[in-house]
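Listed below are the residues making up each chain.
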Amino acid sequence: MPNINRSAPVWLFDLDNTLHDASHAIFPAITARMTRYIADLLGDGVTPASLELADATRAAYWLRYGATLLGLIKHHQVHAADFLSETHRIGDLTTLIRAERGLGKLLRALPGRKILLTNGPLSYSRDVLRLLGLQRQFSAHIAIESMQVHGRLQPKPSKLMLRRLMRKQGIQAGRCILVEDTLANLRNAKMLGLRTVWITQYLRQRGAAAGIPKRQNRPSFVDVKVKSVKHLPTRLNQLR
């Protein structure tokens, strides 16, 4: 049964590079497929564009819109379902996934309700949760396909999407804690009144393209900065 204590926190957990190390193998595989997809898109119908141009386009859209897909929809009229299907067709996730042990026990011990909020597609994120053994730890699973506002796709860091989510879930911003690796998502959440946790242990592999400061100082919009989600229980007093 979901926790109905209205004073308890509601945790919004990101998936990739928060609950598991997507940078180890999964992100490189997805990025390679995105780059090839964009190369075909930018080509003349016979010859693909260069991988260098495609990769630069991918990164530029990610930085500008928070999700490469949004740039492709806006500038190239790409169909979201086609893009998500093609780019996440990366084979057996069992051989690619890497994560810490004990995450299920940790999530069960945290007070309040937990919601998965991921910019990944449902089929992919569902498989990752299954492999992590975390399917039963979340009262809701919100993947990118469900992030529609007024008929338009609005994934993280969209404030409109976060407002809609809270309204639909019947929760106030002050009760929500967003746990993320991506600063842009945390910044917008803080502007809405959510509390914010920055997970940093996988940032070493993402580099400057993700807009991560070299020294990884805690920005003012981050309430708690921790290396791993396993450190959350010791920082609960800073999230009240």
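Residues numbered from 1 in each chain as written. Predicted model: local features only at pLDDT ≥ 70, side-chain atom pairs only at ≥ 80, totals over all residues. Heavy atoms only, no water.

Asks: Looking at this structure, how should I read the layout of surface pockets?
Replies: Over the atoms rolls a probe the size of a water molecule, and its path tells where empty space is left. Taken as a whole, the second largest pocket encloses approximately 290 Å³ of empty space. Lining the second largest pocket, in full, are Tyr 65, Leu 70, Ile 73, Lys 74, Arg 152, Leu 153, Gln 154, Pro 155, Pro 157 and Ser 158. When contributions to the lining of the second largest pocket are tallied by element, the ones reaching two or more residues are α3 (68–76) and β5 (152–153). Looking at which element gives the most residues to the lining of the second largest pocket, the answer is α3, with three residues. Split by residue class, the lining of the second largest pocket holds six nonpolar, two polar and two charged. (1 Å grid on protein atoms, 1.4 Å probe; cavity = no way out; pocket = protein on both sides within 12 Å on 5 of 7 lines; lining within 4 Å. Points joined across faces, edges and corners; volume = space filled by probe spheres on them. Helix = DSSP H or I, 4+ residues; strand = E, 2+ residues; numbered from the N terminus. Nonpolar A, V, L, I, M, F, W, Y, C, P; charged D, E, K, R; others polar.)

Asks: How should I be thinking about the pattern of salt bridges in this particular structure?
Replies: Pairs can form between side chains of opposite charge once their charged atoms are near each other. With the rule as written, the count across this model stands at seven salt bridges. Two residues, Lys 156 and Asp 14, come together in a salt bridge whose shortest N-O distance is 2.9 Å. Of this pair, Lys 156 sits in the loop between β5 and α7 (159–169) while Asp 14 sits in the loop between β1 (10–13) and α1 (26–42), placing them 142 residues apart in sequence. Of the residues examined, Lys 156 reaches a relative accessible area of 3% and is grouped as buried. Between Glu 180 and Lys 156 there is a salt bridge, with the nearest N and O atoms lying 2.6 Å from each other. On the criterion of sequence distance, the pair formed by Glu 180 in strand β6 (residues 176–180) and Lys 156 in the loop between β5 and α7 is long-range, its members being 24 residues apart. Residue classification places Glu 180 among the buried positions, given a relative accessible area of 0%. (Salt bridge = Lys/Arg side-chain N within 4 Å of Asp/Glu carboxyl O. Buried < 20%, exposed > 50% of the residue type's maximum accessible area, 1.4 Å probe, protein only.)

Asks: How do you make sense of the packing of aromatic side chains when you look at a structure like this?
Replies: For any two aromatic rings, the description comes down to two numbers: the centre-to-centre distance and the angle of the planes. Going through the model one piece at a time under the given rule, you end up with four aromatic pairs. Aromatic pair Trp 11 and Phe 13: ring centres 6.0 Å apart, planes at 25 degrees, arrangement stacked. Residue Phe 13 is classed as buried on the basis of its relative accessible area of 0%. Through a chain of ring-to-ring contacts, the aromatic side chains of Trp 11, Phe 13 and Phe 138 assemble into a single cluster. (Phe/Tyr/Trp six-rings, centres within 6.5 Å; stacked < 30°, edge-to-face > 60°.)

Asks: Whenever I open this one, helix α8 (residues 183–191) confuses me. Can you help?
Replies: For an α-helix the count is 3.6 residues per turn, leaving residues at separations of three or four pointing the same way. Restricting attention to buried positions, one finds in α8 the residues Leu 183, Asn 185, Leu 186, Asn 188 and Ala 189. Turning to α8, the residues buried within the fold contact α7, β6 and β7 (195–199). Directly after α8, the chain includes Gly 193, whose backbone phi takes a positive value near 100 degrees. (Contact = heavy atoms within 4.5 Å.)

Asks: Help me understand the sheet that holds strand β8 (residues 224–226), please; the structure alone is not making it clear to me.
Replies: Either a parallel or an antiparallel arrangement is found when strands of a sheet pair, and the pairing is made through backbone hydrogen bonds. Within the open sheet, the six strands sit side by side as β3-β2-β1-β6-β7-β8. Their pairing is parallel. Two strands close off the open sheet at either side, each with one partner strand: β3 (140–142) and β8. In this sheet, neighbouring strand axes are inclined to one another by 20 degrees on average, regardless of whether the strands run parallel or antiparallel. Where β1 meets strand β2 (residues 113–117), four bridges bridge the pair, whose relative direction is parallel. By the bridge assignment for β2, Val 10 is matched with Arg 113. Lying on the sheet, α7 is in contact with β1, β2, β3 and β6; it crosses β2 at an angle near 145 degrees. (Pairing = 2+ DSSP bridges. Axes fitted to C-alpha atoms, helices over the stretch in contact; angles between N-to-C directions.)

Asks: What am I meant to see in the side chain of Thr 118 here?
Replies: Looking at the element boundaries, Thr 118 is found in the loop between β2 and α6 (122–132). A relative accessible area of 1% means that Thr 118 is categorised as buried. For Thr 118, the residues in contact, after removing those within four places along its chain, are Asp 14, Leu 15, Ser 125, His 141, Ile 142, Ala 143, Ile 144, Met 147 and Lys 156.

Asks: Got a minute to help me understand the nonpolar core in this structure?
Replies: One recurring pattern in soluble globular proteins: nonpolar side chains tend to sit buried together. Counting residues in hydrophobic clusters, the biggest one holds 47 residues, and the most contacted among them are Trp 11, Phe 13, Leu 19, Val 179, Val 197, Val 229 and Leu 232. In contact with Trp 11, other than residues within four places in its own chain, are Leu 110, Pro 111, Gly 112, Arg 113, Lys 114, Ile 115, Ile 177, Val 179, Leu 232, Leu 236 and Leu 239. Of all hydrophobic cores here, the second largest spans 25 residues; its members include Leu 117, Val 149, Leu 186 and Ala 189. (Core = buried A, V, L, I, M, F, W, Y, C linked by side-chain atoms within 4.5 Å.)

Asks: Would you explain helix α2 (residues 51–65) in this entry?
Replies: In this model α2 runs 21 Å from its N-terminal to its C-terminal C-alpha over 15 residues, within 8% of the 21 Å that 1.5 Å per residue would give. Along α2, the positions that sit buried rather than exposed are Ala 54, Thr 57, Arg 58, Tyr 61 and Tyr 65. One side of α2 carries all its buried residues, which in axial view fall inside an arc of 100 degrees. Facing away from the buried side of α2 by over 90 degrees, the exposed positions are Glu 52 and Leu 63. Close packing links the buried residues of α2 with α1 and α3. Of the residues flanking the end of α2, it is Gly 66, one or two places downstream, whose phi is positive at about 85 degrees. (Expected span 1.5 Å × (residues − 1). Arc of directions from axis to C-beta.)

Everything listed here is a matter of geometry and, on its own, says nothing about what the molecule does.
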